[in-house]
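Architecture and fold: a report
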Amino acid sequence: MSLTILWLLPAIASVVLMLLPVGAVQAAKYVGIATSAAVLVWALILAVMFSPTGSRFQFVEDLSWIPAFGARYSLGLDGIGLVLVLLTTILMPLLLLAGWRDADSSEGRGVHTYFALMLAVEAMVLMSFVATDVLLFYIFFEAMLIPMYFLIGGFGNGDGGRTHAAVKFLLYNLFGGLIMLAAVVGLYVVTVRSGLGVDGHGTFSFAAISEAAASGRLDASSGVLNLIFLGFLFAFAVKAPLWPLHSWLPDAAVSATPASAVLMMAVMDKVGTFAMLRFCIGLFPDAATTFAPIISALAVVSIVYGAVLAIGQTDVMRLISYTSISHFGFIVLGIFALTSQGQSGSTLYMVNHGISTAALFLVAGFLVSQRGSRLIADYGGVQKLAPVLAGAFLIAGLATLSLPGLAPFISEFLVLIGTFTRYPVAAIAASSALVLSAIYILWTYQRMMGGPPPANGLDDAKPIRDLGWRERIVVAPLILALLALGFFPRLVLDFVNPAVSHTLTSVHQTDPAPHVAGDR
């Protein structure tokens, strides 16, 4: 029941919040914070009990769910899922604290609803990281869209664009989910023909299907398996988001509150890249190998495209959202390099991107909430008035450009060397983002934090103040995590490496031998 408790606790709390009296606004906030803290404590207990050298999936739960379809309530936690569970549970209390006043202007049960929706997203994301039944994963993969839709459309910025952004977010992801549903049905038919189920039924068991795929026992042609693979990949690429299926992200991130935008970019979107690593490669090893060069090329386009568009942004929140598109490109590139360094780097990148994006977006959000403008041109000289805020923005920005000593550097380095051994041209092209990221981060910092205030900017009715105690409590753990993982990446890699090894072994992939000039 350990994994059931992990996701069921925030799910139950989200219902309890909606049952509290209308006037119990502060109580709703404290229940949300307390629940997220309890889930974090439980996740830390699981991490202590987890053995990196033990079996691949631990804390396994397996119960009959829908016998007629061979679907089961099957949960298990591997090293990759564990670090993403920890990322989710560590960020959630900080996000609820950062969004403490986001819904205060709402009427009726607005605050109750806001905190309940945040916890509902957490519950569904956690279930996605531990589900080892394909149908069970799909249900929660799709269900998490509903609370996030209401977070964007109901509690986002006051302009009319939030409704458009919420609908765009929902339609893109629902279309991807529809394609995946067809692929899930197709996979089930293949398992029936392959005799993987019981009493003539098929199965949705990840373990059974991946083992059959690795041993060549799936009764389907390579063309059919390629189509099913592409169905899964399409849905995950929308969620990730991968170019050219990315355009919903900047609108949604700008229209949402900073806390819910971070929940979407740093947590929920990781389900897409996590699923590529687990399901696309684990269930379809041959198809993954076949399409890896094409997917890697799309990842490189995402890396360069996101970085170039970030340079041209005048809206600081939109700029940060485009940097995420670039970073997700690195994650996808490492996954489909099909090397141990690439996949370990990608998983570490998921964690580090979540932390660095949370820090940068939240600090920018604190600044925007004071000034009332997202335009970079409306700022200047902030470091003189709010040195702590400016310092936090600088550290988070330097982490975003992968400065050595900060967490993202190691993950980006692993992705690049893991890719270079397989696709050297892609690795070289992706390296251009190192220069581009320095341009958009340092230029933005110079314009917003340095120099004199603009003529119509900081001198008017809304002066800039430094971070308060609540905001410092939110930002400080993120900055410390960036520093800690920058010097001690083994805190994550010791859990991730064995799981990556299991994945590559199951798909019969080994790291390419290093090539030295002059070798024959």
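Now for a quick tour of the structure. (Residues numbered from 1 in each chain as written. Predicted model: local features only at pLDDT ≥ 70, side-chain atom pairs only at ≥ 80, totals over all residues. Heavy atoms only, no water.)

It is worth spelling out helix H1 (residues 2–19) at this point. In a regular helix each residue adds 1.5 Å, so 18 residues correspond to 26 Å; H1 covers 26 Å between its end C-alpha atoms and thus fits that length. In the structure, H1 departs most strongly from a straight axis at Leu8, where the bend amounts to approximately 35° and where the proline Pro10 lies between one and four residues downstream. Among all positions in H1, only Ser2, Leu3, Thr4, Leu6, Trp7, Pro10, Ala11, Ala13, Ser14 and Leu17 are buried. If you follow the buried residues of H1, they end up packed against helix H2 (25–49), strand S1 (58–66), strand S2 (71–77), helix H3 (79–98), helix H4 (110–130) and helix H5 (134–143). (Helix = DSSP H or I, 4+ residues; strand = E, 2+ residues; numbered from the N terminus. Expected span 1.5 Å × (residues − 1). Bend = angle between axes of the 7 residues up to and from the residue. Buried < 20%, exposed > 50% of the residue type's maximum accessible area, 1.4 Å probe, protein only. Contact = heavy atoms within 4.5 Å.)

Moving on, we get to the packing of helix H17 (residues 387–400) against helix H20 (residues 432–449). At a minimum axis separation of 9 Å, H17 and H20 run at an interaxial angle of 170°. Classified by the interaxial angle, the pair formed by H17 and H20 is roughly antiparallel. On H20, the residues that touch Leu389, Ala390, Phe393, Leu394, Gly397, Leu398 and Thr400 of H17 are Tyr440, Ile441, Leu442, Thr444, Tyr445 and Met449. In terms of residue class, the contact of H17 with H20 is made up of 10 nonpolar, three polar and no charged. (Axes fitted to C-alpha atoms, helices over the stretch in contact; angles between N-to-C directions. Parallel < 35°, antiparallel > 145°, perpendicular 65-115°, else oblique. Nonpolar A, V, L, I, M, F, W, Y, C, P; charged D, E, K, R; others polar.)

Let us look at the environment of Thr53. Take Thr53: it is sitting in the loop between H2 and S1. You can call Thr53 exposed: its relative accessible area is 76%. Here the alpha-carbon distance between Thr53 and Asp494, two residues 441 residues apart in the chain, equals 9.3 Å.

Looking now at the side chain of Glu122. Structurally, Glu122 can be placed in helix H4. Among buried charged residues, Glu122 stands out as having no salt bridge; its nearest opposite-charge side chain is Lys270, 15 Å away. Excluding anything up to four places from it in sequence, Glu122 contacts Pro10, Val39, Thr88, Thr89 and Met92. (Lys, Arg positive; Asp, Glu negative; His and termini not counted. Salt bridge = Lys/Arg side-chain N within 4 Å of Asp/Glu carboxyl O.)

In this model, the largest pocket occupies a volume close to 620 Å³. Along the wall of the largest pocket there are 29 residues; nearest its centre are Asp102, Pro258, Gly365, Val368 and Ser369. Put simply, the parts of the chain that give the lining of the largest pocket at least two residues each are helix H10 (248–255), helix H11 (258–268), helix H15 (340–371) and helix H21 (469–487). With seven residues, the top contributor of residues to the lining of the largest pocket is H15. A breakdown of the residues in the lining of the largest pocket according to their chemical character gives 13 nonpolar, 10 polar and six charged. Considered as a void within the structure, the second largest pocket measures approximately 470 Å³ in volume. Around the second largest pocket, the lining is made up of 20 residues, and of these Leu86, Ile90, Ile355, Ala481 and Leu485 lie nearest the centre. Counting only elements with at least two residues in the lining of the second largest pocket, the list comes to H2, H3, H15, H21 and helix H22 (490–506). Among the residues forming the lining of the second largest pocket, the class breakdown is 20 nonpolar, no polar and no charged. (1 Å grid on protein atoms, 1.4 Å probe; cavity = no way out; pocket = protein on both sides within 12 Å on 5 of 7 lines; lining within 4 Å. Points joined across faces, edges and corners; volume = space filled by probe spheres on them.)

In the structure shown here, the tally under the stated rule is 25 aromatic pairs. Plain terms: the ring middles of Phe50 and Phe495 are 6.0 Å apart, the flat faces sit at 55° to each other, and that makes the pair tilted. Note that Phe50 is positioned in the loop between H2 and S1 and Phe495 in helix H22, a separation of 445 residues in sequence. For the pair shown, Phe50 and Phe495 are each scored as buried. An aromatic cluster of three or more residues is present, and its members are Phe57, Phe137, Phe141, Phe206, Phe229, Phe232, Phe236, Phe279, Phe284 and Phe291. Taking the ring centre of Phe141 as reference, the NZ or CZ of Lys239 above it sits at 4.3 Å. (Phe/Tyr/Trp six-rings, centres within 6.5 Å; stacked < 30°, edge-to-face > 60°. Lys NZ or Arg CZ within 6 Å of the ring centre and 35° of its normal.)

Turning next to the environment of Val308. Here Val308 is to be found in helix H13 (residues 285–311). Expressed as a C-alpha distance, the spacing of Val308 and Ile325, which sit 17 residues apart in the sequence, is 11 Å.

This paragraph deals with the packing of H13 against helix H14 (residues 316–336). Between H13 and H14, the shortest axis-to-axis distance is 7 Å and the interhelical angle comes to 160°. Between H13 and H14, the angle falls in the class roughly antiparallel. Every pair of crossing elements has a handedness; the one defined by H13 and H14 is left-handed. Of the residues that constitute the contact of H13 with H14, the class distribution is 17 nonpolar, six polar and no charged. (Left-handed = near helix turned anticlockwise from the far one by under 90°.)

Within this structure, the stated rule accounts for three cavities of 30 Å³ or more. In this structure, the largest cavity spans a volume of roughly 60 Å³. What lines the largest cavity is a set of 13 residues, among which Phe50, Pro52, Ser55, Arg56 and Pro498 lie closest to the centre. Considering each element in turn, the lining of the largest cavity owes the most residues, four residues, to H22. A breakdown of the residues in the lining of the largest cavity according to their chemical character gives five nonpolar, six polar and two charged. Considering the residues around the second largest cavity, the lining is formed by Ser326, His327, Phe330, Thr400, Leu401, Ser402, Glu412, Ala433, Leu434, Ser437 and Tyr440. Those elements giving two or more residues to the lining of the second largest cavity turn out to be H14 and H20. Residue contributions to the lining of the second largest cavity peak at four residues, all from H20. A per-class count over the lining of the second largest cavity returns five nonpolar, five polar and one charged.

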